[in-house]
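Secondary and tertiary structure notes
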Amino acid sequence: AAQELVQLQRVLPDGTSKFDGAGSNLTFFSWEEYDALVASRAIANSGFAGTYCDDAQIKGEGPLSLSVVLADGGFFALLGINAAAGRVLTQADHDTARPVAVLSHEFALQHFESAGAAVGQTLVLHGAHFTIAGVLPRGFQGLVVGSPSHVFVPRSTFQLFQDRTNGQER
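On to the pattern of salt bridges, then. Taken as a whole and judged by the stated rule, the model has three salt bridges. One salt bridge connects Arg 155 with Asp 72, and the closest N-O pair in it is separated by 2.8 Å. Of this pair, Arg 155 sits in the segment after β7 (151–154) while Asp 72 sits in the loop between β2 (61–71) and α2 (75–79); the two residues are 83 residues apart in sequence, bridging distant segments of the chain. In this structure, Arg 155 and Asp 72 share a single accessibility class: buried. Between Asp 93 and Arg 98 there is a salt bridge, with the nearest N and O atoms lying 2.6 Å from each other.

Listed below in C-alpha cells is the structure:
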C-alpha cells in the first residue's frame, strides 16, 4: 500500500541531510551499506533503485547519454508496475546478474518503431551487452519527477560496467 512506502536518506551527525537544492541528494548509500540494511531485515520487501548517467549504444547509434536505474528484482513488483511489452525485471534476473534491460516507453519509441519492436534487441553499456526484456508503460519514467530514467537493469549487473574511479559505485 502507498502508506507503506518509504524513502531512505542519510542524515548527518548534526541532524541535517546534505541536499544541493537541484534535486540531487549528495549523501549516498554504498552497495555494502544497502546490502547490510537488507540483511538486517531493517527493510522488508525492499525495492531499491539507484540512478546514474552513462553513455550507451543502441542499434549501432551512439554514444547516447542516458539515465540508468540499477534496480533490485522486486522493484517493479513492489510498485505494481507491469510491462507494456515484454516483461519487467524479476528477482531471477537480479539473483543471476542476468544482463537484461527494461526501457521507458518514451525512450523505446525514440529508437524503435514500437514498444514491441524493442523487445529482444541489444543495448550496450560500457561494452556489456544487455538484451531488452521489456518496455514500461507510457508515462512511467522512474521515481524522480522531472528527471526521467531511460533504462532499468538489475542492480547485480553493475559489476559488468562499473567505473569505481568515477564514484559510480554509489
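On to unusual backbone geometry, then. Phi at Ala 97 is positive, roughly 55 degrees, even though this residue is not glycine. Position of Ala 97 relative to the elements: it lies in the loop between α3 (91–95) and β4 (100–103).

Turning next to the nonpolar core. In this structure, Ile 58, Leu 103, Leu 123, Leu 125, Val 151 and Val 153 are the most contacted members of the largest nonpolar core, which totals 27 residues. Excluding residues within four positions of it along the chain, Val 151 makes contact with Leu 66, Ser 67, Val 68, Val 69, Ala 101, Val 102, Leu 103, Phe 107 and Leu 123. In this structure, Phe 75, Phe 76, Ala 133 and Phe 140 belong to the second largest nonpolar core, which totals 13 residues.

We now examine the side chain of His 111. Among the secondary structure elements, His 111 is positioned in helix α4 (residues 105–111). With a relative accessible area of 10%, His 111 lands in the buried category. Sequence-distant contacts of His 111, defined by excluding residues within four places in its chain, comprise Ile 58, Lys 59, Glu 61 and Leu 64.

Side chains Gly 50, Tyr 52, Asp 54, Ala 56 and Ile 58 project from strand β1 (residues 49–58) onto a buried face, and the interleaved Ala 49, Thr 51, Cys 53, Asp 55 and Gln 57 project onto a face without burial. Pairing of β1 with β2 involves nine bridges; the strand directions are antiparallel. Each bridged residue has a counterpart across the sheet, and for Asp 55 the counterpart in β2 is Ser 65. Connecting β1 to the antiparallel partner β2 that follows it, the hairpin turn spans two residues, and Lys 59 within it adopts a positive phi of roughly 55 degrees.

Reading guide: rules and limits
- Here the residue numbers are simple positions, counted from 1 along each chain's written sequence.
- This being a predicted model, a pLDDT of at least 70 is required before a residue's local features are given, and a value of 80 or more before pairs of side-chain atoms are given or counted; all residues contribute to the totals for chains, interfaces and linings.
- The side-chain values count all of the structure's non-hydrogen atoms but skip hydrogen atoms and water molecules.
- Each reported salt bridge corresponds to a side-chain nitrogen of Lys or Arg within 4 Å of a carboxyl oxygen of Asp or Glu.
- Each helix is a run of H or I in the DSSP string that is no shorter than four residues. Each strand is a run of E no shorter than two, and both are numbered from the N terminus.
- When a residue's accessible area, from a 1.4 Å probe over protein chains only, is under 20% of the maximum for its type it is buried; when over 50% it is exposed; and in between it is partly exposed.
- What makes a nonpolar core is a set of buried Ala, Val, Leu, Ile, Met, Phe, Trp, Tyr and Cys residues whose side-chain atoms join them at distances within 4.5 Å.
- Note on definitions: a residue-residue contact is assigned when non-hydrogen atoms from the two residues lie within 4.5 Å.
- Between any two strands, pairing holds if DSSP finds at least two bridges.

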